[in-house]
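Here are the chains, one letter per residue:
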2 protein chains.
Amino acid sequence: MTPSPRPVVTAFDWVPEFARGLVRDLRVRWAFEEAGRPYDTQLLGAMQPRPEDYLAWQPFDQVPAFADGEIRFFESGAILLYLGEQHDELLPSQPQERWNAISWLFAALNSVEPSIGPLISYDVFHADKPWAQEARKPAAEFVQRRLSRVNDALAGKDWLAGRFSIADIAMITVLNNLRHTAMLADFPELAAYKRRGEQRTAYRRALEAQLADFQADPPLTPAGD
Amino acid sequence: MTPSPRPVVTAFDWVPEFARGLVRDLRVRWAFEEAGRPYDTQLLGAMQPRPEDYLAWQPFDQVPAFADGEIRFFESGAILLYLGEQHDELLPSQPQERWNAISWLFAALNSVEPSIGPLISYDVFHADKPWAQEARKPAAEFVQRRLSRVNDALAGKDWLAGRFSIADIAMITVLNNLRHTAMLADFPELAAYKRRGEQRTAYRRALEAQLADFQADPPLTPAGD
């Protein structure tokens, strides 16, 4: 019997220092590690043009894209859901628990992550502008309101959907986008939750694997948007 | 035999004019109309405090929250997926088609919608600031790059996943957040796609139902964040 080929996830072979540990293939690697399932990476060269057919696989020219046998698709949230449907330890099958986890998966990606993007734009890309602090203030307050809601929802629970699930992989990797700030310190449940996630062996293995795939030296030209 | 109760979606009984037609219960109403399935609304009073237990149902104190019998959860993306799993006309069951649709569902909510939020903050909330135009420019360019990718992906297709699906409900309602701009005019495939969606009977019924639930007169105090 020919063994099935391993599933494949795309990743970058280089990103700037500030993005290391934040690139979204980490979510998929983490899910694979939780499920104890081997996977292969297809690295996209930061110095080389993308393979010509990459946009047909990942229309936004980003990572991760994913293939499992003949099935090919994109978006880290979709890939987490796919792996969740295959591995009970990533997504409960009991209906209410399943939809709790899927609700929090979407919440991480559509209610929390979008609030953080503007903050990063002010802190990383507009930090030198005279108006950056004024513009940042309401953006930071919006992030704080969202964090406060998640903090409250975690009261008395280790994980968003009760037991560990793809929702936690999404939420904890989303929260990591705030690592350049001290914002989580104001939300003790949330800070403890993030530490709990990052102490998992599967998270540490996934992070090591992403970092190990980066070249040390920067390429001559940056990767795409 | 007692008939099953209808599923319930929460909505607001009033929002400001600029938000009418954009509130996210529209996505769920549209899906119900496509499936020809009756539903009930539970309206949240803009003038009244929320029901005490609402945060346990919708942790961000927003709409929509959803109940179907004993199953209760939140997030418009999760609700679309749930209805997709019940109604083949909303989500194909063939694996590659199913994951194409789910990829585009997440893409609408996690790759496109987050790019639009900053633009709205400059155009609606910071329009009077001296720095608004300077800050807006890179945000608008980012939106344009994302729109360009979706436009290209639509070449030769009526709908994102081939046939109509929950991905289109998500993407078209996301694109509607740009209605205060002329940006779609630069992307003919995308503009035609959005028109195609909004000409569907189910979309028009859903929009009418959302608008019909709004009180004409503003309440004394605004609704929550």
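Before reading on, note that the structure itself is shown above.
Treat the numbers as computed from the prediction; the structure is a model and nothing was measured. (Residues numbered from 1 in each chain as written. Chains lettered and ligands numbered in written order. Predicted model: local features only at pLDDT ≥ 70, side-chain atom pairs only at ≥ 80, totals over all residues. Heavy atoms only, no water.)

Regarding the pattern of salt bridges
Taken as a whole and judged by the stated rule, the model has 32 salt bridges over all chains. Where Asp-158 of chain A meets Arg-196 of chain A, a salt bridge forms, and the shortest distance between an N and an O atom there is 3.8 Å. Within this pair, whereas Asp-158 of chain A is found in the loop between helix H5 (132-153) and helix H6 (166-175), its partner Arg-196 of chain A is found in helix H7 (residues 188-198), the two being separated by 38 residues in sequence. What emerges from the salt-bridge pattern is a single network uniting Glu-85 and Arg-98 of chain A together with Glu-85 and Arg-98 of chain B. (Salt bridge = Lys/Arg side-chain N within 4 Å of Asp/Glu carboxyl O. Helix = DSSP H or I, 4+ residues; strand = E, 2+ residues; numbered from the N terminus.)

Remarks on the sheet that holds strand E1 (residues 8-12) of chain A
Residues and elements named next belong to chain A. With respect to topology, four strands assemble into an open sheet ordered E2-E1-E3-E4, the strand pairing being mixed. The strands lining the two open edges of the sheet, one partner per strand, are strand E2 (40-44) and strand E4 (71-74). Averaged over all pairs of adjacent strands, the angle between strand axes in this sheet comes to 25°, irrespective of strand direction. Of the pairings in the sheet, the one linking strand E3 (residues 65-68) to E4 comprises four bridges and is antiparallel in character. Following the sheet pairing, Ala-65 is matched in E4 by Phe-74. Set on the sheet, helix H1 (residues 25-35) makes contact with E1, E2 and E3; between it and E1 the angle comes to about 140°. Along the sheet face, helix H3 (residues 76-86) touches E3 and E4 and points at about 135° away from the line of E4. (Pairing = 2+ DSSP bridges. Axes fitted to C-alpha atoms, helices over the stretch in contact; angles between N-to-C directions. Contact = heavy atoms within 4.5 Å.)

Quick notes on a nonpolar patch on the surface
All names here are of chain A. Residues Phe-18, Val-124 and Phe-125 make up a contiguous nonpolar surface patch of roughly 300 Å² in combined accessible area. Considering the arrangement of structural elements, one finds Phe-125 in helix H4 (residues 95-125). When its relative accessible area of 53% is taken as the criterion, Phe-125 is described as exposed. (Patch = residues over 30% accessible without salt bridge, like charges linked within 9 Å, V, L, I, M, F, W, Y side chains within 5 Å. Areas by Shrake-Rupley, 256 points an atom, 1.4 Å probe, with all protein chains shown as cover. Buried < 20%, exposed > 50% of the residue type's maximum accessible area, 1.4 Å probe, protein only.)

Details of unusual backbone geometry
All names here are of chain A. Note the cis peptide between Val-63 and Pro-64, where omega equals 0°. Following the sequence through the fold, Pro-64 ends up in the loop between helix H2 (54-57) and E3. Not every positive phi belongs to a glycine, and Asp-61 is a case in point at roughly 60°. Inspection of the secondary structure assignment puts Asp-61 in the loop between H2 and E3. Given the relative accessible area of 13%, Asp-61 is considered buried.

What about the interface of chain A and chain B?
Listed per partner, the contact involves 49 residues of chain A and 49 residues of chain B. With both sides pooled, the region where chain A packs onto chain B buries about 4200 Å², and carbon together with sulfur makes up 59% of that total. Between the two partners, chain A and chain B, sit four salt bridges. Residues Arg-149 of chain A and Asp-61 of chain B are paired through a salt bridge, measuring 3.9 Å at the closest nitrogen-oxygen approach. At the boundary of chain A with chain B, the tally comes to 17 residue pairs in polar contact (both at pLDDT 80 or more). Looking at the side of chain A that touches chain B, the elements with two or more residues in it are E4, H3, H4 and H5 of chain A. Partitioned by chemical class, the residues of the side of chain A that touches chain B number 26 nonpolar, eight polar and 15 charged. (Buried area = accessible area lost by both parts, 1.4 Å probe. Polar contact = N/O pair within 3.5 Å; in protein donor to acceptor, adjacent residues only side chain to side chain. Nonpolar A, V, L, I, M, F, W, Y, C, P; charged D, E, K, R; others polar.)

Some points on the packing of helix H1 (residues 25-35) of chain B against helix H8 (residues 201-212) of chain B
All names here are of chain B. Closest axis-to-axis distance for the H1/H8 pair is 8 Å, and the angle between their directions is 135°. Relative to H8, the element H1 lies oblique. The crossing of H1 and H8 is right-handed. Here H1 contributes Asp-25, Leu-26, Arg-29, Trp-30, Glu-33 and Glu-34 to the contact with H8, which in turn contributes Ala-202, Tyr-203, Arg-205, Ala-206, Leu-207, Ala-209 and Gln-210. Residues that form the contact of H1 with H8 fall into these classes: seven nonpolar, one polar and five charged. (Parallel < 35°, antiparallel > 145°, perpendicular 65-115°, else oblique. Left-handed = near helix turned anticlockwise from the far one by under 90°.)

Structural notes on the packing of aromatic side chains
Residues and elements named next belong to chain B. For the structure shown, the criterion picks out 36 aromatic pairs over all chains. Aromatic side chains Trp-30 and Phe-164 sit 5.9 Å apart centroid to centroid with 40° between the ring planes, which places their arrangement in the tilted category. Of the two residues, Trp-30 sits in helix H1 while Phe-164 sits in the loop between helix H5 (132-153) and helix H6 (166-175), which places them 134 residues apart along the sequence. Taken as a pair, Trp-30 and Phe-164 share a single burial class, namely buried. Centre to centre, the rings of Trp-159 and Tyr-193 are 5.9 Å apart; their planes meet at 65°, and the pair counts as edge-to-face. (Phe/Tyr/Trp six-rings, centres within 6.5 Å; stacked < 30°, edge-to-face > 60°.)

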